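Listed below are the residues making up each chain.
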Amino acid sequence: MSKLGAVVEAVEKHGRFVLEQVKRARSDEKFARAMTERWNKVKAEIPISKAPTGLPLPRLALPEIDDPGEIARYLFGEGLPGEFPYLNGAYREMYLEPLREIESFEKNGEAVAARVSRAKKPERPTRPPLQEEPTRLFSGLMLAEDTNKRFHFLSAHQRSKRLSTAFDGPTLYGIDSDADGVFGKIGEGGVAVDTVEDMVRLYDRFEVGAPNFSASMTISGPAPIIMAMYIAAAKRRFGAKVVPNLRGTIQADIFKEVQAQNETIFPTEASLRFLCDMIEWTTANMPRWYPVSISGYHIGEAGSTPVQQAAYTLSNGFAYAEMLSARGVPVDQFAPRLSFFLDCGLDVEYIALSRVSRKIWAIGMRDVFGANARGQMFKLHTQTSGRSLIAAEFKNNLTRTAAELMLAYMNGTNSCHSNSADEPFTTPSEEWIRLAAHGQAILLEESGIFKHTMNMLSGSPGMKAVERAVEKAILDEFREIESLGGVLAAVENRYQRSQIQNAAHRYEQQIYDGTRPIVGLNRYRNGADEMPEIELARTPRAKQKLQVERLKEFKKKNADKSKRALDKLGAVVERGENCFPALLEAVEVCSLGQITGQLQEIVGRFRPMV
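So, how was this worked out
- Residue numbers run consecutively from 1 along every chain, following the written order of its sequence.
- Side-chain atom pairs in this predicted model are given and counted only at pLDDT of 80 or more, local residue features only at pLDDT of at least 70, and totals for whole chains, interfaces and linings cover all residues.
- Note that water and hydrogens are dropped before the side-chain values are worked out from all heavy atoms of the structure.
- The helix count covers DSSP runs of H or I at least four residues long, the strand count covers runs of E at least two residues long, and both are numbered beginning at the N terminus.
- Atoms considered for the radius of gyration are the C-alpha atoms alone. The globule rule reads 2.2 Å times the number of residues to the power 0.38.
- Relative accessibility thresholds used throughout: buried, under 20% of the residue-type maximum; exposed, over 50%; partly exposed, between the two (1.4 Å probe, protein chains only).
- Each accessible area is a Shrake-Rupley result for a 1.4 Å probe, and residues are judged covered by the shown protein chains and nothing else.
- Asp and Glu count as negative and Lys and Arg as positive, but His and the ends of the chain are not part of the count.
- By convention, the charge on Lys lies at NZ, on Arg at CZ, on Asp at CG and on Glu at CD.
- The rule for a salt bridge is simple: a side-chain nitrogen of Lys or Arg has to be within 4 Å of a carboxyl oxygen of Asp or Glu.
- For every residue, the predictor states its confidence as a pLDDT score lying anywhere from 0 to 100.
- Contact criterion: two residues are considered in contact whenever any of their non-hydrogen atoms come within 4.5 Å of each other.
- Note on definitions: angles span 0 to 180 degrees between N-to-C directions of axes, and those axes are lines fitted to C-alpha atoms, for helices only across the stretch in contact.
- Two helices crossing with the near one rotated counterclockwise from the far one by less than a right angle form a left-handed crossing, whereas a clockwise rotation gives a right-handed crossing.
- By the convention adopted, Pro, Cys, Tyr, Trp, Phe, Met, Ile, Leu, Val and Ala count as nonpolar, Lys, Arg, Asp and Glu as charged, and the other residues, Gly among them, as polar.
- Here, strands pair whenever DSSP counts at least two bridges between them.
- Definition of nonpolar core: a set of buried residues of the types Ala, Val, Leu, Ile, Met, Phe, Trp, Tyr and Cys, connected through side-chain atoms within 4.5 Å.
- Working definition: rings of Phe, Tyr and Trp (its six-membered ring) pair if their centres are within 6.5 Å, and the pair is stacked with planes under 30 degrees apart, edge-to-face with planes over 60 apart, and tilted otherwise.
- Either the NZ atom of lysine or the CZ atom of arginine qualifies as a charge over a ring when it sits within 6 Å of the ring centre and within 35 degrees of the ring normal.

Across its full length, the chain holds 25 helices and 11 strands. Over its C-alpha trace the chain gives a radius of gyration of 25 Å, about what one expects of a compact globule, namely 25 Å for 610 residues. Reported as C-alpha extents along the three principal axes, the dimensions of the chain are approximately 75 × 60 × 60 Å. When the 610 residues of the chain are sorted by exposure, 55% land in the buried category. Accessible area of the chain: about 26,400 Å², with a carbon and sulfur share of 53%. Side-chain charges of the chain comprise 79 positive and 77 negative groups, with the mean position of each set lying 4 Å from the other.

Next up, the structure:
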């Protein structure tokens, strides 16, 4: 049995364990008393805050239960926020406003009076530092300096600078901007990055090693090369001492590329090797960096059902864990550095999809891989669904995204990106991307839905019903993948890809026949078919020429050094050693396309499987 099969057994075993604890709490008087005492202690220690209207609210909402069996079911089956199996959240508190010192005493007025009377003068309530916002801002357009300008525009009012970067097509495929046939694609749909100098420009005027800065990079095929460029750029600006302080993640997920997105440039086995080389190096040298964002978002955008998205993402994650364990990397080193990325659409499964994923990951990592508490946490970034955005009457997309944001935060996502309403037409404009960011600010800061109380919307009977159905469906997918020989064997047999394609066809058919209503498209249309006038974002030809000129100058300047660096990189790869240190040297004097070409000469190119 592979590790995935063992995960299925572990999740089912945990379910039986929970039922045993429920029965024990109802039959063992001493255990029942311990459960009740723990429950009462937890409730008694929950601080009370106040809404702006003066309404007192607990910082943590718990179900009103006093039966020891139901208490055991909650504590062992769901866990308090920040406790195994993390169904209610990876951390004890998320999204909450800081609790003012005086508010924590308002349950006991005498304590406040005593404290004030002892002081020489009345104390002012203190407010702890604000938590990092979960909002992550996504951008990528034209050249590095243009995206940098957009980053500064988006983050101007953010306490934390959490930036996510989209790259243009040539960069995603590891191709230089001066390659034949790519000129018109330079800076389209993302930022053009050919060299370490571009990377320096991309994050100019951001203190990349600061505690409140993190960068996310949406790229997979050439991810190790881009990651090396990011490190080299940071060292150029702040010195080698900055490397352990770098925070962020890079997508790097090869499995989802083969299964759904197609941006793969090396054969699967070689791609996985380069990825694991990068993970191994960054795990040892960059303790605050997540070297792979295991992505279900693109699986969902390619057409999968929500259950397929979660099942394939989780199984891919367990496969990476198995590979790294086989390399001899200690699980407590790599497991806390794995992160995840899911989309959030409007299907009913999304009311509980991330919660269930968090639970399954925690059980699998604890019981199959032996990970500690940090390695059991399913750290999640969520993006609202791009597939749900409709060109017809596109302003309705604001409402769609708002509903998806509500679902994402109900599921306790660690960070979130909200799509812009104009994305069916173009790279988002400043107007619409600002509205998208404000959607999160309104939900988290202006409304009181999440900032006063944890678990405000969790645990309804409907949510629990969806949780049970989703968990069973995910485990059924695991069994099917296991029967095919595991994740890699299933990939080679195109299982995940064929299932995604079938689901995508069903989705479109449902829109066509009206069984899936889309307001403004197949329901409640206003009768006008005119497309709105939207200013399309395009990279001016002059900027594209500038990118090519810069690249040629870089290559000319480093011609002799680049040849030596490429030869050294090739020798390291051929010897089977970890190639990431050689990549770090190569990116100083070689372009993305030069490095990609050298590696392809040795390991070959990706060819779609038939």
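On we go.
Under the counting rule described, the total for this entry stands at 34 salt bridges. A salt bridge links glutamate 45 to lysine 41, with the nearest nitrogen and oxygen atoms 2.7 Å apart. Each member of the pair, glutamate 45 as well as lysine 41, carries the same accessibility label: exposed. For arginine 59, the salt bridge goes to glutamate 93, with nearest N and O atoms at 3.1 Å. Within this pair, whereas arginine 59 is found in the loop between β2 (56-58) and α3 (68-77), its partner glutamate 93 is found in the loop between α3 and α4 (101-104), the two being separated by 34 residues in sequence. Judged by its relative accessible area of 6%, arginine 59 is buried. By relative accessible area, which is 23% here, glutamate 93 ends up partly exposed. Through salt bridges that share partners, Glu12, Lys472, Asp476 and Arg479 make up one connected network.

A word on the confidence of the model for the chain. Scored by pLDDT, the chain has a mean of 90; 93% of the residues are at 70 or more. Element-level mean pLDDT values for the chain span from 43 in helix α5 (residues 109-118) up to 97 in helix α15 (residues 353-367). Considering only residues more than four positions removed or in separate chains, one finds that residues 104-128, a stretch of pLDDT under 50, has 23 contacts.

All right, on to the packing of helix α10 (residues 254-261) against helix α13 (residues 306-326) then. Geometry of a packed helix pair, given as the angle between the helix axes and the separation of the axes. In contact at an axis separation of 10 Å, α10 and α13 are set at 145° when each is read in the N-to-C sense. Of the two possible hands of crossing, α10 and α13 adopt the one that is right-handed. Residue-level contacts link Ile254, Phe255, Lys256 and Gln259 of α10 to Tyr312, Asn316, Ala319, Tyr320 and Met323 of α13. Grouping the constituent residues of the contact of α10 with α13 by class yields 6 nonpolar, 2 polar and 1 charged.

Below, the discussion takes up unusual backbone geometry. The peptide bond linking phenylalanine 84 to proline 85 adopts the cis configuration, its omega dihedral lying at 0°. Residue placement: proline 85 occurs in the loop between α3 and α4. Phi at tyrosine 95 is positive, roughly 75°, even though this residue is not glycine. Of note, tyrosine 95 is situated in the loop between α3 and α4. Assessed through its relative accessible area of 14%, tyrosine 95 is described here as buried.

A few words on the sheet that holds strand β3 (residues 137-139). Strand order in the open sheet formed by 5 strands is β3-β4-β5-β6-β7, and the pairing between neighbours is parallel. Here the strands that pair on one side only, and so sit at the sheet edges, are β3 and β7 (289-290). One ladder, built from 6 bridges, connects strand β4 (residues 161-166) with strand β5 (residues 213-218); its direction is parallel. Directly across from alanine 166, in β5, lies its bridge partner threonine 218. Helix-sheet contacts for helix α6 (residues 144-154) involve β3 and β4, and the interaxial angle to β3 is about 160°.

Before going further, it helps to examine the nonpolar core. Membership of the largest hydrophobic core comes to 151 residues, with the highest contact counts inside it found for Tyr203, Tyr230 and Phe478. Once residues lying within four places of it in the same chain are set aside, the contact partners of tyrosine 203 are Asn148, Phe151, Leu163, Thr165, Val208, Phe213, Ala215, Ser216, Met217, Tyr230 and Arg237. Listed in part, the 5 residues of the second largest apolar core include Ala392, Tyr507, Ile511 and Ile518.

Take alanine 352: it is sitting in the loop between β9 (338-344) and α15. Taking relative accessible area as the criterion, alanine 352 reaches 0% and is therefore assigned buried. Along the backbone, alanine 352 and proline 330 are 22 residues apart, and their C-alpha atoms lie at a distance of 31 Å. Ignoring sequence-local partners within four residues, the contact set of alanine 352 consists of Asn411, Met463, Val466 and Glu467.

By the criterion of burial, β5 is predominantly enclosed, with 6 of the 6 residues buried. Of the two faces of β5, the one carrying Phe213, Ala215 and Met217 and the one carrying Ser214, Ser216 and Thr218 are both buried. Sheet topology places β5 next to strand β6 (residues 248-250); 3 bridges connect them, and they run parallel. If you follow serine 216 over to β6, its bridge partner there is threonine 249.

Let us now look at the packing of aromatic side chains. A full pass over the atoms with the stated rule returns 23 aromatic pairs. On the numbers, 6.3 Å between centres and 75° between planes, the contact of tyrosine 312 with tyrosine 495 is edge-to-face. Linking tyrosine 312 in helix α13 with tyrosine 495 in helix α21 (residues 495-513), this pair joins segments that are 183 residues apart in sequence. A residue is classified by how much of its surface remains accessible, and tyrosine 495, at 12% relative accessible area, is buried. Here the aromatic rings of phenylalanine 318 and phenylalanine 478 are separated by 6.3 Å at their centres, their planes lie at 85°, and the arrangement is edge-to-face. Linking phenylalanine 318 in helix α13 with phenylalanine 478 in helix α19 (residues 461-483), this pair joins segments that are 160 residues apart in sequence. Phenylalanine 478 matches phenylalanine 318 in its accessibility class, with the two residues each being buried. Three or more aromatic residues link up through ring pairs in this structure, and these residues are Phe151, Tyr203, Phe206, Phe213, Tyr230 and Trp289. The ring of phenylalanine 31 carries arginine 24 above its face, with NZ or CZ at 3.8 Å from the centroid. Positioned over the ring face of tyrosine 507 is arginine 387, at 4.0 Å from the centre of the ring.

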